[in-house]
Every structure is written in C-alpha cells, then in structure tokens.
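# Fold and contact review
Read off the chains here:
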Amino acid sequence: MCSGRVDMAFVLRAFSKGMDGVFIGGCRLNECNYVTHGNYHALNMVLLLKKIMEHIGLNPERLSIEFMSGAEANLFVEGVNGFVKKVKEMGPLGQGEGVGQEELKSRLADISKLVPYLKLVNQEKLASRLENPEEYDGLFTKEEIDTLFREIPSYYIDPDKCQACMICAKKCPVEAIEGGKNRIHVIEQDKCIKCGTCFEACPPRFGAVTKISGEPVPPPIPEEKRAIVRKGKEK
Ligand code: SF4
Ligand code: SF4
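Conventions adopted
Residues numbered from 1 in each chain as written. Chains lettered and ligands numbered in written order. Predicted model: local features only at pLDDT ≥ 70, side-chain atom pairs only at ≥ 80, totals over all residues. Heavy atoms only, no water. Helix = DSSP H or I, 4+ residues; strand = E, 2+ residues; numbered from the N terminus. Rg over C-alpha atoms; globule rule 2.2 N^0.38 Å. Buried < 20%, exposed > 50% of the residue type's maximum accessible area, 1.4 Å probe, protein only. Areas by Shrake-Rupley, 256 points an atom, 1.4 Å probe, with all protein chains shown as cover. Lys, Arg positive; Asp, Glu negative; His and termini not counted. Charge placed at Lys NZ, Arg CZ, Asp CG, Glu CD. Expected span 1.5 Å × (residues − 1). Phe/Tyr/Trp six-rings, centres within 6.5 Å; stacked < 30°, edge-to-face > 60°. Near = heavy atom within 4 Å. Nonpolar A, V, L, I, M, F, W, Y, C, P; charged D, E, K, R; others polar. Salt bridge = Lys/Arg side-chain N within 4 Å of Asp/Glu carboxyl O. Contact = heavy atoms within 4.5 Å.

Within the protein one finds nine helices and six strands. Computed over its C-alpha atoms, the radius of gyration of the protein comes to 22 Å, more than 25% above the 18 Å expected for a compact globule of 235 residues. Considered along the principal axes of its C-alpha atoms, the protein spans approximately 80 × 45 × 30 Å. Within the protein, the fraction of its 235 residues that count as buried is 39%. Total accessible area on the protein is roughly 14100 Å²; 53% of this is exposed by carbon and sulfur atoms. Positive and negative charge centroids in the protein, built from 33 and 33 side chains respectively, lie 9 Å apart.

Turning to helix 2 (residues 38-55), a few remarks are in order. The end-to-end C-alpha separation of helix 2 is 26 Å, in line with the 26 Å expected for 18 residues at 1.5 Å each. A large share of helix 2 lies buried, amounting to 15 of its 18 residues. G57 sits one or two residues past helix 2 and shows a positive phi near 85°.

Let us now look at the packing of aromatic side chains. Enumeration according to the criterion identifies three aromatic pairs in this entry. Taking the centre distance of 6.4 Å and the plane angle of 75° together, the rings of F23 and F76 count as edge-to-face. With F23 in strand 1 (residues 22-26) and F76 in helix 3 (residues 73-90), this residue pair connects regions lying 53 residues apart in the sequence. With relative accessibility at 21%, the residue F23 sits in the partly exposed group. A centroid spacing of 5.8 Å and a plane angle of 45° characterise the contact between F23 and F83, whose relative ring orientation is tilted.

Taken together, the neighbourhood of ligand 1 is formed by Y155, C172, P173, V174, I177, I187, C192, I193, C195, G196, T197 and C198. Residues that form the shell around ligand 1 fall into these classes: ten nonpolar, two polar and no charged.

Applying the stated rule across the entire model yields twelve salt bridges. A salt bridge links K85 to E89, with the shortest nitrogen-to-oxygen separation between them at 3.4 Å. You can see K85 and its partner E89 sitting in helix 3, four residues apart, about one turn around the helix. Its relative accessible area of 54% is what places K85 among the exposed residues.

Here K51 shows up in helix 2. The charged side chain of K51 is buried without a salt bridge, its nearest counter-charge being E54 at 4.2 Å. When neighbours within four sequence positions are excluded, K51 is seen to be in contact with D137, F140, T141, K142 and I145.

Structure (structure tokens):
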C-alpha cells in the first residue's frame with residue numbers, strides 16, 4: 001500500500017530472482033496521508049541501495065523511484081516506459097556490467113545477508129526528510145559506503161570466557177550460534193547477519209563475545225574441545 005513498505009531486501013530479492021531492473025512508484029513527497037511519510041523512507045532506501053549497487057559493480061540506474069499521485073496515470077506510464085527502455089538498453093543484469101552469473105549471485109547474497117546491519121547503522125539517514133533533489137546525491141557518499149563495508153564487524157565468542165549460559169543462542173535472530181548445555185558456544189560466521197545482539201546479550205561478568213573489525217576472525221574451537229567440565233563434576 002505504501003512505498004515505505006518496500007524494504008531493501010525486496011529489491012535485492014528481485015535482482016537475485018533475475019529481474020533486470022526495479023521500479024518503485026510512490027505518492028508525491030510531502031503529500032502523504034499519514035504522519036509517517038513513508039515515501040521518504042523509500043527514497044532514502046533507494047539512494048542507499050544505489051550507492052551499494054555501485055559498490056558491488058552493478059549499474060545503479062537499474063533501480064528507480066518516481067513519485068506521482070493516483071490521478072497521474074500519464075506520469076506512471078511515462079515513468080515505466082522510460083525505465084523499461086533504459087533497462088533494455090543496459091542488457092541483462094550482470095551481463096551489462098561484465099559480471100558472471102555465479103559472481104553476481106554471490107555478491108547479491110552477501111549484501112542481502114547484511115540488510116539488517118545496513119539498516120541499523122544508517123537508521124538516522126534512512127529516516128531523514130530531504131528538502132530538495134539537490135540533496136539526494138549527498139545523502140550517502142561513495143567514501144562513506146567504502147568505509148561502511150571496510151568496517152563491517154564480525155562477532156566471535158572467546159572459548160576461554162564462554163560459560164555456556166545459552167543466552168546469546170536464544171537471542172540470535174537467525175540461529176547462527178551453535179551451543180547447548182555445558183558446551184562452549186560458537187558463531188557460524190556464514191549465517192551471522194552482524195546484528196550485534198549476542199554482543200549486547202552476553203552477561204558482562206562473562207564478556208565472552210568480542211566485536212572484531214578489519215581483522216580476520218579466529219577459527220572456531222574444534223567440536224571435541226567444546227565441552228565445559230564444571231568444578232566438582234570432574235572425575
Ligand atoms: S551478531 Fe550475534 S546475534 Fe547477531 S546474527 Fe550474528 S551471531 Fe547472531
Ligand atoms: S551469552 Fe556469553 S557466556 Fe553465555 S553462552 Fe553466549 S557467549 Fe557464552
């Protein structure tokens with residue numbers, strides 16, 4: 001119903017499913033019926049995603065947002081026709097950019113996994129209300145996006161500190177933490193979406209979750225060494 005409902009993940013899913021372009025039609029800016037002004041959220045999301053597309057080697061012109069009222073069918077038709085023509089000229093997604101299908105799939109999958117993190121770190125800008133189109137280009141800069149990707153954190157559980165209280169595993173939204181009773185917990189890096197919940201949730205008296213930026217994550221402790229033997233229960 002509202003363009004503000006169009007999540008970054010929806011657009012990435014469309015590209016992952018083979019769409020060559022995504023067009024979003026929203027109500028005119030400042031004419032939203034609600035206090036939420038969701039069309040600004042849609043606009044800011046598009047501005048961010050266009051910069052991310054550039055970062056991963058995709059033509060940002062494959063994503064477009066236009067604003068119009070329900071009575072402006074002519075604008076809708078012109079907008080869609082113009083966009084379809086442009087996308088046809090660009091050619092199929094990936095092919096137009098010289099990126100192979102497997103590589104394309106993997107780049108889109110990597111970004112899709114990061115959507116919650118990207119939304120979290122950019123939440124202030126994503127909620128802002130731009131005054132005029134001149135401001136659009138400056139909302140997210142290339143340098144900012146490069147830094148953002150360079151500084152993406154990873155989370156690691158220090159096996160010497162984990163007390164297997166299981167709190168982090170229960171709170172992880174994507175079941176990326178392997179553990180169990182009396183077992184040192186381990187983060188499956190391939191599943192982790194960098195939300196930081198485990199970092200916040202691990203009780204300070206244990207402080208077992210570490211946030212790592214710009215460095216490789218230590219390898220996970222081997223399965224056979226994960227059992228925790230409590231004092232008094234040793235044979
Ligand atoms: S940061 Fe922690 S809680 Fe969040 S997805 Fe990764 S392992 Fe799970
Ligand atoms: S919350 Fe901390 S101590 Fe508890 S299982 Fe997770 S990492 Fe280990």
